[in-house]
Amino acid sequence: MELRQLQYALQIAAERNFSRAADKLHIAQPSLSQQLSKLEKELGVLLFQRNTSSVELTHAGEKFVEQAQTIIDAVELLRQEMSDISQLRTGHVVVGSMPITGAHLLPHVLPVFKSKFAEVEITLLEDSSMNLEKLTASGQTDLSLLSLPLEIPTLAYEVLGEERIDLAVPPEHPLASRSAAGIRTSLEELKDEPFIVLKEGQGFRKMTVELCRGAGFEPRIVFESNNMETVQSLVATGMGVTLVPHFIARAPRSEFVPVYLPLAEPVPSRTLVVAYRRGRYLSKAAEAFIETFKTTVKDLSDE
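(A) Layout of the overall build of the protein. Of regular secondary structure, the protein possesses 11 helices and 11 strands. Principal-axis analysis of the C-alpha atoms places the extent of the protein at approximately 75 × 50 × 30 Å. Counting the 303 residues in the protein, one finds 46% classified as buried. For the protein, contacts bridging at least 24 residues in sequence account for 73% of all contacts bridging at least 6. Summing over all exposed atoms, the protein offers an accessible surface of approximately 15,500 Å²; the carbon and sulfur share of this is 54%. The averaged location of the 40 negative side-chain charges in the protein is 3 Å from the averaged location of its 31 positive side-chain charges.

(B) Representation of the packing of helix 2 (residues 18-25) against helix 3 (residues 29-43) in the model. Helix 3 packs onto helix 2 with a crossing angle of 105 degrees between their chain directions and a minimal axis gap of 9 Å. When the axes of helix 2 and helix 3 are compared, the pair comes out roughly perpendicular. Contacts between helix 2 and helix 3 pair Phe18, Ser19, Ala21, Ala22 and Leu25 from the former with Gln29, Leu32, Ser33 and Leu36 from the latter. Per-class residue counts for the contact of helix 2 with helix 3 are six nonpolar, three polar and no charged.

(C) Up close: the environment of Ala68. With respect to the element layout, Ala68 can be found in helix 4 (residues 59-85). Separated by 167 residues in sequence, Ala68 and Val235 place their C-alpha atoms 49 Å apart. Those residues in contact with Ala68 that sit more than four places away from it in its chain are Leu6 and Leu10.

(D) How the structure looks around the pairing of strand 11 (residues 269-277). Where burial is concerned, most of strand 11 is hidden: eight out of the nine residues are buried. When strand 5 (residues 143-147) meets strand 11, the two strands line up antiparallel, connected through four bridges. Following the sheet pairing, Leu145 is matched in strand 11 by Val274.

(E) Representation of the packing of aromatic side chains within the structure. Under the counting rule described, the total for this entry stands at four aromatic pairs. Here Phe113 and Phe117 contribute two aromatic rings whose centre-to-centre distance is 5.0 Å and whose plane-to-plane angle is 35 degrees, an arrangement assigned as tilted. For Phe113, a relative accessible area of 0% corresponds to the buried category. Pairing Phe113 with Phe289 gives two aromatic rings, centres 5.1 Å apart and planes at 65 degrees, and the pair type is edge-to-face.

(F) Representation of helix 8 (residues 203-214) in the model. In this model, helix 8 (12 residues) spans 16 Å end to end at C-alpha, consistent with the 16 Å of a helix rising 1.5 Å per residue. Summarising the contacts, the buried residues of helix 8 are in contact with strand 6 (155-169), strand 7 (194-198), strand 8 (220-225), helix 9 (228-236), strand 9 (242-245) and strand 11. Gly216 lies just past helix 8 and shows a positive phi near 95 degrees.

(G) Looking closely at the side chain of His173. With respect to the secondary-structure elements, His173 resides in the loop between strand 6 and helix 7 (178-181). There is a polar contact of 3.0 Å between the side chain of His173 and the side chain of Glu193. Residues in contact with His173, not counting those within four places in the same chain, are Glu193 and Val241.

(H) Representation of the pairing of strand 9 within the structure. Side chains Thr242 and Val244 of strand 9 all project onto a buried face; the interleaved residues Leu243 and Pro245 project onto the opposite face, where all are buried too. The sheet contact formed by strand 6 and strand 9 spans four bridges and is antiparallel. Bridge pairing in strand 9 places Leu167 opposite Leu243.

The rules behind each value
Residues numbered from 1 in each chain as written. Predicted model: local features only at pLDDT ≥ 70, side-chain atom pairs only at ≥ 80, totals over all residues. Heavy atoms only, no water. Helix = DSSP H or I, 4+ residues; strand = E, 2+ residues; numbered from the N terminus. Buried < 20%, exposed > 50% of the residue type's maximum accessible area, 1.4 Å probe, protein only. Contact = heavy atoms within 4.5 Å. Areas by Shrake-Rupley, 256 points an atom, 1.4 Å probe, with all protein chains shown as cover. Lys, Arg positive; Asp, Glu negative; His and termini not counted. Charge placed at Lys NZ, Arg CZ, Asp CG, Glu CD. Axes fitted to C-alpha atoms, helices over the stretch in contact; angles between N-to-C directions. Parallel < 35°, antiparallel > 145°, perpendicular 65-115°, else oblique. Nonpolar A, V, L, I, M, F, W, Y, C, P; charged D, E, K, R; others polar. Pairing = 2+ DSSP bridges. Phe/Tyr/Trp six-rings, centres within 6.5 Å; stacked < 30°, edge-to-face > 60°. Expected span 1.5 Å × (residues − 1). Polar contact = N/O pair within 3.5 Å; in protein donor to acceptor, adjacent residues only side chain to side chain.

This is the structure in structure tokens:
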């Protein structure tokens, strides 16, 4: 049994498709099938049930994948520990990020980190919060920028800080005049407003809906988008209102700018965290990135 065969089986299990798995592994599909058949023959069990439309794990396959992941993790742990012991300045950290939150935080974090650790390579992987949790739990990212609560219990995390939630309304909206007056708006006042929100699968969409429900109403959603910038632009043109994380609301924008209003006490907020798989060894480069992230978020919050 070879280490690469374990990696092949894990990738097939993750993709549930030989063609996609082969693409991710950068090998030909026939070679992947051949290696899996060789492994199954050696083990004397069928790991995957193949049919024309899908690839599913057998009972033996589920057990194999679980143990194979443990072995791959142990090998990675050994490699990282030896790298740290040798005190190499080089390294590689795969960072997962929610696209919009990352767009407003990473430009502050990455230059600071690279100025201190110029030889450490950073690979950025952007996806929805739901997919990022899965990628982090499976070890495809070393760490990911997420917000609480986390849905997958195998993830551990370190808190970066609290980020308040603001209200965004069109410039001509009756509530917009409160901006200059410093009057705070309660969530209950929004029960009859049309809402523009992110699409299902993104953590902030879930948070928006839950905050509205906590205020006693179901938000009347009139538009959805995968992009928070699009959501804000639609608000600015008068299509509805939305809730926006403060780090995003404070970012400069050239056109289609809504009016941002602070919400009344208790001011809603979200907890930003950097998450990683529980028990996973974090290299010194990954730990340094986390510390840089913490310091940067704190500095931004204090401004």
